[in-house]
Amino acid sequence: MKKLIIPKDYTAKLPLFETEIAIKELKDFFQVSLSKELSLTRVSAPLFVRSESGLNDDLSGLETAVSFSTDHEKEVQIVHSLAKWKRMALHRYGIKPYNGLYADMNAIRKCEELSNIHSLYVDQWDWEKIIPKEARTPEKLEDIVRRIYRVFKETEEYITGLYPALDKKLPEDITFISSQELEDRYPDSTPKEREDYAAKEYGAVFISKIGGALKSGEKHDGRAPDYDDWELNGDIIFWNDLLQRAFELSSMGIRVDEDSLAKQLEIAGCTERRELPFHKMLLEGELPYTVGGGIGQSRICMFFLEKAHIGEVQSSLWPEEMVKACEEAGIELL
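About the cut-offs
Residues numbered from 1 in each chain as written. Predicted model: local features only at pLDDT ≥ 70, side-chain atom pairs only at ≥ 80, totals over all residues. Heavy atoms only, no water. Helix = DSSP H or I, 4+ residues; strand = E, 2+ residues; numbered from the N terminus. Buried < 20%, exposed > 50% of the residue type's maximum accessible area, 1.4 Å probe, protein only. Core = buried A, V, L, I, M, F, W, Y, C linked by side-chain atoms within 4.5 Å. Contact = heavy atoms within 4.5 Å. Pairing = 2+ DSSP bridges. Axes fitted to C-alpha atoms, helices over the stretch in contact; angles between N-to-C directions. Parallel < 35°, antiparallel > 145°, perpendicular 65-115°, else oblique. Left-handed = near helix turned anticlockwise from the far one by under 90°.

A. Spotlight on unusual backbone geometry. The residue Q244 is not glycine, and still its phi comes out positive at about 55 degrees. Mapped onto the elements of the fold, Q244 is located in the loop between β9 (228-240) and β10 (245-255). Overall, the relative accessible area of 42% leaves Q244 in the partly exposed class. In the Ramachandran plot, E306 falls in the positive-phi region, its phi being about 55 degrees despite a non-glycine side chain. Tracing the sequence through the fold places E306 in the loop between α8 (297-304) and α9 (320-328).

B. Just the nonpolar core, in detail. Residues W127, I148 and F152 are the most contacted members of the largest nonpolar core, which totals 55 residues. Among the elements that make up this core, the one with the highest residue count is helix α3 (residues 138-162) (8 residues). Discounting chain neighbours no more than four positions away, the residues touching I148 are L34, L38, W127, I236, M252 and I295. Counting 13 residues, the second-largest nonpolar core is a separate cluster that includes V49, A89, A103 and I130.

C. Summary view of the pairing of strand β5 (residues 100-108). Sheet analysis places strand β1 (residues 40-42) next to β5, joined by 3 bridges and oriented parallel. Bridge pairing in β5 places R42 opposite Y102. When β5 meets strand β6 (residues 121-130), the two strands line up antiparallel, connected through 9 bridges. Considered in β6, the bridge of Y102 is made with W127.

D. Molecular detail of the sheet that holds β10. Taken in spatial order, the 8 strands line up as β1-β5-β6-β11-β10-β9-β8-β7 in an open sheet, and their pairing is mixed. Two strands lie at the open edges of the sheet, namely β1 and β7 (175-178), each paired on one side alone. Averaged over neighbouring strand pairs, the angle between their axes works out to 25 degrees when direction is ignored. For β6 and strand β11 (residues 290-296), the ladder comprises 7 bridges, and the chain directions are antiparallel. What sits directly across from W127, in β11, is G293. Each of β1, β5, β6 and β11 touches helix α1 (residues 16-38); the most contacted strand, β6, lies at about 15 degrees to it.

E. Focus on the pairing of β11. Summarising burial for β11: 7 of the 7 residues are buried, a large majority. With burial as the criterion, each face of β11 is covered, one bearing T290, G292, G294 and G296 and the other bearing V291, G293 and I295. Of the pairings in the sheet, the one linking β10 to β11 comprises 5 bridges and is antiparallel in character. Counterpart to G253 in the pairing with β11 is G292.

F. Summary view of the packing of α1 against α3. In the contact formed by α1 and α3, the axes pass within 9 Å of each other and the chain directions differ by 150 degrees. With respect to α3, the element α1 is oriented roughly antiparallel. Every pair of crossing elements has a handedness; the one defined by α1 and α3 is right-handed. Residue-level contacts link A22, E25, L26, F29, F30, S33, L34, E37 and L38 of α1 to I144, R147, I148, R150, V151, F152, E154, T155, Y158, I159 and L162 of α3.

It is worth stressing that arrangement in space is one thing and function is another; only the former is reported here.
Below you can see the structure in the form of structure tokens.
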């Protein structure tokens, strides 16, 4: 309950059923715009994968997946995301450079600490596109971030046009800043506090280079070693005025190549993963070079529909005390 934020005098701008209609309007518009902007084709995606495949996303590297057995499988895992599966799919489908795919991803993350913005249930658009090796640069990453931000701006224009009660909140441009620059600027603050300061100052920021150790020896945040290149990744973060905090909507990056995978596995103490099917193919140069990420569907709905709790835009399970506190504050959970 210490993680629950109750905005003062909160009143939802859209009633319950109108919210459900707005959620579909918003999601439909965003995914069509994203697919056009990044040249992506929608594909079907798995809900679970074989544990031994190495395809599941380890997120920060510490979370454990929900798993189960079947009559013919010893252990399968509910996905955390499709970070590695998408790269394998691009290889199998024979998609050409600068084209890609996206999927409507649903996941269970049992280790989440529940709050206004964290749920056991995760829904996001997982996207991935092929780039040539020479395009694995900070400049290419920033170009793609700006394209995605353009989709956010178009979505804001669309949804506020449909629902005049909603406000426009995004600045004209997104600001780029590295995790090391934030540590240099705010050396005595925590990484989350630094994100709050940057998001409040700029409105929309892309914080880059997440996963490796900073000059202090600490990480800005954890990242699994086998999908993003820690030097070529980052998070898209907006300032959420309702919750008075930084609000992450996307984690993304240029993916590891042979060299960065080997290096990051060594740093993370996970060299045994080199023998997993996905990792062996990557190290042997059999997989395409890619850039990709996940964009939170419920997070987008929360932000643009000005909701105080993610449970107002998705159906999930919450502790009884949280449900009661939300009811008393006028926060209607689905």
